[in-house]
Amino acid sequence: MAGKVFFSVSMSLDGFIAPASLGDLMGQQWMELQQWMFPLRFIRENLKLGEGGEEGRDNDIVRQTHLRTGASVMGKRMFDAGEHAWPEEAPFHTPVFVVTHERRAPWERPGGTTFHFVNDGIEAALDRAREAAGDRDIRIAGGGATILQYVNAGLVDEFTIALSPVLFGSGIRLFEGVDAGRVALEPVRAEPTRRVTHLTYAVRPR
């Protein structure tokens, strides 16, 4: 049986998941948004940041998210930012399908991550990700515009937001431009931890 299609992101209290400028994507605001993850044992191990780290529910959630993912899909903007920021052993350890107009041979990285560049749209990228993932789930990794395309196309089954106690004021809103007339949400769980609140929703057609 095919796995679920999901996304999992950190979001500020005022609804933003990234700064507007690509140059600021790894800057102070983004670091504050993501700072709940950096002390976690799984993140430290996956990004080769050193031994040790915190365990607990946050760590369990990020580890489970990683383990359930058999393939990822992302947009070109996210890939462009990550290509220079990810370590040599990119943190996905699965096939990643990049939705882009650029024609490029697959880019294989140490540790099991291979980036494949898909030139014929989001559904073609998802079809290839499904084939690669087997019975595991497919993660729409980002960025916001790519996530929104999949939501509006009715191709997302569920998502989790790590609601972080920071404010952006401006940037890329997760649901800016959502087709609310076609998308209904069903709460699955809410899990507050010391740093963030994890909100999970199933997505249904309205």
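What comes next concerns the included structure. Just so it is clear, the model here is predicted, and its values are computed rather than measured. (Residues numbered from 1 in each chain as written. Predicted model: local features only at pLDDT ≥ 70, side-chain atom pairs only at ≥ 80, totals over all residues. Heavy atoms only, no water.)

## Topic: the overall build of the protein chain
Phase 1: On a plain count of helices and strands, the protein chain comes out with six helices and eleven strands.
Phase 2: For 206 residues, the compact-globule estimate of 2.2 N^0.38 gives 17 Å, and the C-alpha radius of gyration of the protein chain, at 16 Å, lies within 12% of that figure.
Phase 3: The dimensions of the protein chain, computed from C-alpha atoms along their principal axes, are 45 × 40 × 35 Å.
Phase 4: Put simply, of all contacts in the protein chain between residues at least 6 apart along the chain, 63% involve residues at least 24 apart.
Phase 5: In the structure as shown, the protein chain presents an accessible area of about 10,400 Å², 51% of it carried by carbon and sulfur atoms.
Phase 6: When the 23 basic and 27 acidic side-chain charges of the protein chain are each reduced to a single mean position, those positions are 2 Å apart. (Helix = DSSP H or I, 4+ residues; strand = E, 2+ residues; numbered from the N terminus. Rg over C-alpha atoms; globule rule 2.2 N^0.38 Å. Contact = heavy atoms within 4.5 Å. Areas by Shrake-Rupley, 256 points an atom, 1.4 Å probe, with all protein chains shown as cover. Lys, Arg positive; Asp, Glu negative; His and termini not counted. Charge placed at Lys NZ, Arg CZ, Asp CG, Glu CD.)

## Topic: unusual backbone geometry
A negative phi angle characterises most non-glycine residues, just as the trans form characterises most peptide bonds.
Phase 1: Backbone torsion omega between Gly142 and Gly143 reads -5°, so that peptide bond is classified as cis.
Phase 2: Inspection of the secondary structure assignment puts Gly143 in the loop between strand 7 (137-142) and helix 6 (144-152).
Phase 3: Positive phi is not limited to glycine here, since His93 has a value of about 60°.
Phase 4: On the secondary structure map, His93 appears in the loop between helix 4 (76-85) and strand 4 (95-99).

## Digging into the packing of aromatic side chains
We describe a pair of aromatic rings using the distance from one ring centre to the other and the angle between the two ring planes.
Phase 1: Counted by the stated rule, this structure contains twelve aromatic pairs.
Phase 2: Between Trp86 and Phe92, the ring centres sit 5.1 Å apart and the planes meet at 90°, which makes this aromatic pair edge-to-face. Accessibility classification places Trp86 together with Phe92 in one group, the buried group.
Phase 3: Counting every residue linked through ring pairs, the aromatic cluster contains Phe79, Trp86, Phe92, Trp107, Phe115 and Phe117.
Phase 4: Over the ring of Phe6 we find Arg68; its NZ or CZ atom is 3.8 Å from the centre of that ring.
Phase 5: Its end group placed over the ring of Trp107, Arg104 keeps NZ or CZ at 5.4 Å from the ring centre. (Phe/Tyr/Trp six-rings, centres within 6.5 Å; stacked < 30°, edge-to-face > 60°. Buried < 20%, exposed > 50% of the residue type's maximum accessible area, 1.4 Å probe, protein only. Lys NZ or Arg CZ within 6 Å of the ring centre and 35° of its normal.)

## So, the pattern of salt bridges
Opposite charge on two side chains lets them pair, provided their charged atoms get close.
Phase 1: Going through the model one piece at a time under the given rule, you end up with 15 salt bridges.
Phase 2: Between Arg63 and Asp60 there is a salt bridge, with its nearest N and O atoms 3.2 Å apart. Of this pair, Arg63 and Asp60 both sit in helix 3 (residues 57-68), three residues apart, which is roughly one turn of the helix.
Phase 3: A residue is classified by how much of its surface remains accessible, and Arg63, at 30% relative accessible area, is partly exposed.
Phase 4: Connected through salt bridges with shared partners, the residues Lys4, Arg68, Asp137 and Glu158 form a single ionic network. (Salt bridge = Lys/Arg side-chain N within 4 Å of Asp/Glu carboxyl O.)

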